[in-house]
Amino acid sequence: MSAESRIRRSLSVDTDVDRLLRRIRCQIDFGRAIDDGRFTEALDRAEETYKSYTTYTDLQQAITKAEQTLAEVTKEAKTFTIHLVGHGHIDMNWMWSWPETVAATHDTFASVLALMDEYPELTYSQSQASVYALIEKYHPEMFEQIRQRVKEGRWEITAVHWVEGDKNLASGEALAHHLLYTRQFFKEKFGLAPEDLQLDWEPDTFGHCNTLPGILRQGAVKYYYCCRPGGGQEHLRVGEERPPLFWWQSPDGSRVLVNKETTWYNSYVEIGDNFALPAAAFWKKTGIKDWLNVYGIGNHGGGPTREELDFFLETRDWPCWPKVEFGTAQGWFRKIEPQCNDLPVLDHELNFEFTGCYTSQSAIKKANRYGENYCVEAETLSSLEFRIWNLDSQNSKFQIQNSKLREAWLNILFNQFHDILPGSGVQETRQHALGLFQETAAITGAIKRNALQAMAKDLNTVSLLPDTAEGIEERELLSQYPIPTTQHLARPVPTERNPPHLNAPFEAGAGQGAGESGFSRASGGGHRFRPMMIYNPCAWKRTELVEINLYDLPEDIPASSIVALDEQGNAHPTLDISSISGGNHDWGHRRTTLLFEAKDVPALGYKVFLFCEGEPDADHGGIDTVDEITFETPHLKLQLDKFGSGIRDITLKPATQMFGSCIEPLGCWEYVTEWPTGMSAWLLGGNRSKSAAKLVRDERTYLETSRFRVHGNGRNEATASRTGSNFALVATNDMNVPDTSSKVKLKTILSGSTPRIDFFADIDWREIGDAPKGIPGLVIDFEHGISGDVLYETAFGKVERNGDEGNDVPSLRFSHVWGELSPGESCGITLLQDSKYG
């Protein structure tokens, strides 16, 4: 039975009247939309003709006559083509759990496959490698049906990323891995090469970073489909108005062709809507008469409906109407591309959208940053490990480890979906995301541990022992232990390369540190001498303050007497911070936590230090204590706020003027109450006073310090005198959040060798917001006091912004500002963070 027969059999005469009126009304309206003055008279006569009916038969005849009147308009209408692409937007774990995502995906695909059997014209496009992977895992029979439809050309894959992910918060390395693993998946499962998948489908992504075209082009992507290219929800828009079709250019000159969807990616179609009018509007702005019409129910899946399909099929027989073709999105892009040479070129980021999402759900944000770091570190160390063992890619251990790394990365990539990483999901969303992150941390932690053990196995730490009575005694002690075996590492032990190791009686760290690094920071064996290998995972040489833990030291060795001997025998001082790092006990072990400076650790390499009792070399100072809150280093002079938080005054040497503000300390903590909005995860509501339900701009509530202490300044508590200088100082502010039960413990670390100040915070947050009282939160204010453009990190790049009007803007790890303190005195400050994006 034809589509027309199905329709007529089910409709009453009254409904037929509505359908006929809709038919002529749509045609006339489209004719007027494309009229340049040539067709006005014919359109007016046609409109008068069909309005003269008195019976159903009269109406049929009147419409036939009206359509004949539109003969010249029909010729022009048939020069337009509407390309119909069925679609079902599937949000991963947005307002539901993972099981519901799996079920919604199955039901959407089951509907599409059934409709394909019924409607041979139907084509369907679906993005996101993750949805194909879940169907393969949970519904393998359906996966085979989809593979068959893909071979037929009726099911289009529009996935070049694992998910439709956030494009402001994902790192460049993560975006590269999206391309890598998605390409691998579709090559293996569908036999599709990168040249077969050239469209990045991102309809609901909340903004797009400036470097994305360059990353996409290196992954063989040429086309981009989106709906939110900046300026939505009354947000500040970067650059000019977005045309419906344009070239988007990154700083490296790479371009992709962008279709900005003008009718949205979910149809929610009202049958009878004039779906050709957007084609006319598109033509007027682009000069192109081929228009892409994406239709189908979405968000919770759904896809095309019979109602839509029957309506589209009916319109193919209308005379004064564009040609209507079922096709694919890539097919449309490839058809119009030759006509796009003169389109506008936008060479900036496509932002901003939903700026509240840069900070919503802090736990997910932290999991993403740490997860990306874990995966990169594990990949690098895995490569070094296989180089050490001289293994090739065919080795079974290599293949198993690659598979594990893939699993670790895919957990992180999945969580970069545009309703997970931005924090716009529900409790189940967060629970699933953090569970995936924990699995990634376990996988990468094991890989890093094995690789570092492989590096450390051949280290002759005995050679670091000094020629002292204690050193000789330690050698005698070590001779009682056998050479450690490496059988579990699958290679024989070459005895000539492995003298007895100082760390033979290996002691792990009771898992300590695994929550932050992915693996525990181990403590070397030995009695009075403890070796530690410090590895640098970055691609540049570094000098850093490093925190280490030593377990069960002999009780006659005070922590204050320990030095770090480097490979040349230089003795570096350490600072005992056990009392501010969780105490001295760790699951039955006595733990000593020390801070020391690891100098010039090579890129992707390591240095070995021996921790033992001794006297530091005389030239390891750097920080002079002026008074209890004022300190001077070779790079800066600063004054801490002992009653609040942050830095009251700061002078950058050799400049002579103050950089910070005495009124508002640099890095001060504020308690805010945000005005609730209808979309509180997406939109920031502005702060309001506690005394009245009104927005405020100048009233601020700062956190107050209940206890302030500086560690490492050599203070004599009895006389309040201070002695000498030190390589590092640690200040602690125990802060109360006013009128709440929440507390913040802030740790500020100063180094004598670098113009860097490190802040660490432990936050005990007990506040819950609601509509009447607002949403409580914390803000750290780094108001720098100098004007100018601010430089922010983007994926594999950077962007300069100015005039953000106080709005939140996205950044990855850093923002930087240059300024001039006075004529001839310039300065700059860089803010780095480990888990924030706003």
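Everything discussed here concerns the structure shown above.
So, here is what we can say about the structure in this document. As the structure is a prediction and not an experimental result, all values here were calculated from the model.

Conventions adopted
- Residues numbered from 1 in each chain as written.
- Predicted model: local features only at pLDDT ≥ 70, side-chain atom pairs only at ≥ 80, totals over all residues.
- Heavy atoms only, no water.
- Salt bridge = Lys/Arg side-chain N within 4 Å of Asp/Glu carboxyl O.
- Helix = DSSP H or I, 4+ residues; strand = E, 2+ residues; numbered from the N terminus.
- Buried < 20%, exposed > 50% of the residue type's maximum accessible area, 1.4 Å probe, protein only.
- Pairing = 2+ DSSP bridges.
- Axes fitted to C-alpha atoms, helices over the stretch in contact; angles between N-to-C directions.
- Parallel < 35°, antiparallel > 145°, perpendicular 65-115°, else oblique.
- Contact = heavy atoms within 4.5 Å.
- 1 Å grid on protein atoms, 1.4 Å probe; cavity = no way out; pocket = protein on both sides within 12 Å on 5 of 7 lines; lining within 4 Å.
- Points joined across faces, edges and corners; volume = space filled by probe spheres on them.
- Nonpolar A, V, L, I, M, F, W, Y, C, P; charged D, E, K, R; others polar.
- Core = buried A, V, L, I, M, F, W, Y, C linked by side-chain atoms within 4.5 Å.

## Section: the pattern of salt bridges
Right, on to step 1. One pass over the structure, following the stated rule, counts 42 salt bridges.
Right, on to step 2. Note that Asp-44 is salt-bridged to Arg-32, the shortest N-O span being 2.8 Å. Of this pair, Asp-44 sits in helix H3 (residues 40–50) while Arg-32 sits in helix H2 (residues 13–34), and the two are 12 residues apart along the sequence.
Right, on to step 3. Across the pair Lys-335 and Asp-290 runs a salt bridge, and its minimum N-O distance is 3.1 Å. Taken together, the residues span a long stretch of sequence, with Lys-335 in helix H13 (residues 329–336) and Asp-290 in strand E8 (residues 290–295) at a distance of 45 residues.
Right, on to step 4. Lys-335 gets classed as partly exposed once you look at its relative accessible area, which sits at 40%.
Right, on to step 5. According to the relative accessible area criterion, Asp-290 is buried, its value standing at 8%.
Right, on to step 6. Where salt bridges share partners, they join Arg-25, Asp-29, Arg-32, Asp-44, Glu-47 and Lys-51 into one cluster.

## What about the sheet that holds strand E29 (residues 775–781)?
Right, on to step 1. With respect to topology, 3 strands assemble into an open sheet ordered E23-E22-E29, the strand pairing being antiparallel. Here the strands that pair on one side only, and so sit at the sheet edges, are strand E23 (701–702) and E29.
Right, on to step 2. The sheet contact formed by strand E22 (residues 668–674) and E23 spans 2 bridges and is antiparallel. Within E23, the residue paired with Glu-670 across the bridge is Tyr-702.

## What to know about the packing of helix H6 (residues 98–118) against helix H7 (residues 129–138)
Right, on to step 1. Viewed as axis vectors pointing N to C, H6 and H7 meet at an angle of 90 degrees, and their least axial separation amounts to 10 Å. Here H7 runs roughly perpendicular to H6, going by the angle between their axes. Residues Trp-98, Val-102, Thr-105, His-106 and Phe-109 of H6 form the contact with H7, whose participating residues are Val-131, Leu-134, Ile-135 and Tyr-138.

## As for empty space enclosed by the protein
Right, on to step 1. Counted by the stated rule, this structure contains 7 cavities of 30 Å³ or more.
Right, on to step 2. Looking at the largest cavity, the residues that line it are Ile-364, Ala-367, Asn-368, Ile-412, Asn-415, Leu-421, Ala-433 and Leu-434.
Right, on to step 3. If you tally residues by element for the lining of the largest cavity, the top one is helix H14 (residues 362–389), at 3 residues.
Right, on to step 4. Of the residues belonging to the lining of the largest cavity, the class tally is 6 nonpolar, 2 polar and no charged.

## Observations regarding the pairing of strand E21 (residues 647–652)
Right, on to step 1. In the sheet, strand E20 (residues 636–640) pairs with E21 via 5 bridges, with the strands oriented antiparallel. Considered in E21, the bridge of Leu-638 is made with Ile-650.
Right, on to step 2. Between the end of E20 and the start of E21, which pair antiparallel, lie 6 residues, with Gly-646 showing a positive phi angle near 85 degrees.

## Some remarks on the environment of Thr-262
Right, on to step 1. On the secondary structure map, Thr-262 appears in the loop between strand E7 (255–260) and helix H11 (277–286).
Right, on to step 2. Sequence separation between Thr-262 and Pro-278 is 16 residues; the distance between their C-alpha atoms is 7.6 Å.
Right, on to step 3. When neighbours within four sequence positions are excluded, Thr-262 is seen to be in contact with Pro-244 and Trp-291.

## What about the nonpolar core?
Right, on to step 1. Counting 139 residues, the largest nonpolar core has Tyr-132, Ile-146, Trp-155, Ile-157, Phe-186 and Phe-190 as the members making the most contacts within it.
Right, on to step 2. Of the residues forming this core, the biggest block, 8 residues, is contributed by H2.
Right, on to step 3. Membership of the second largest hydrophobic core comes to 17 residues, among which are Ile-623, Phe-631, Leu-636 and Leu-638.

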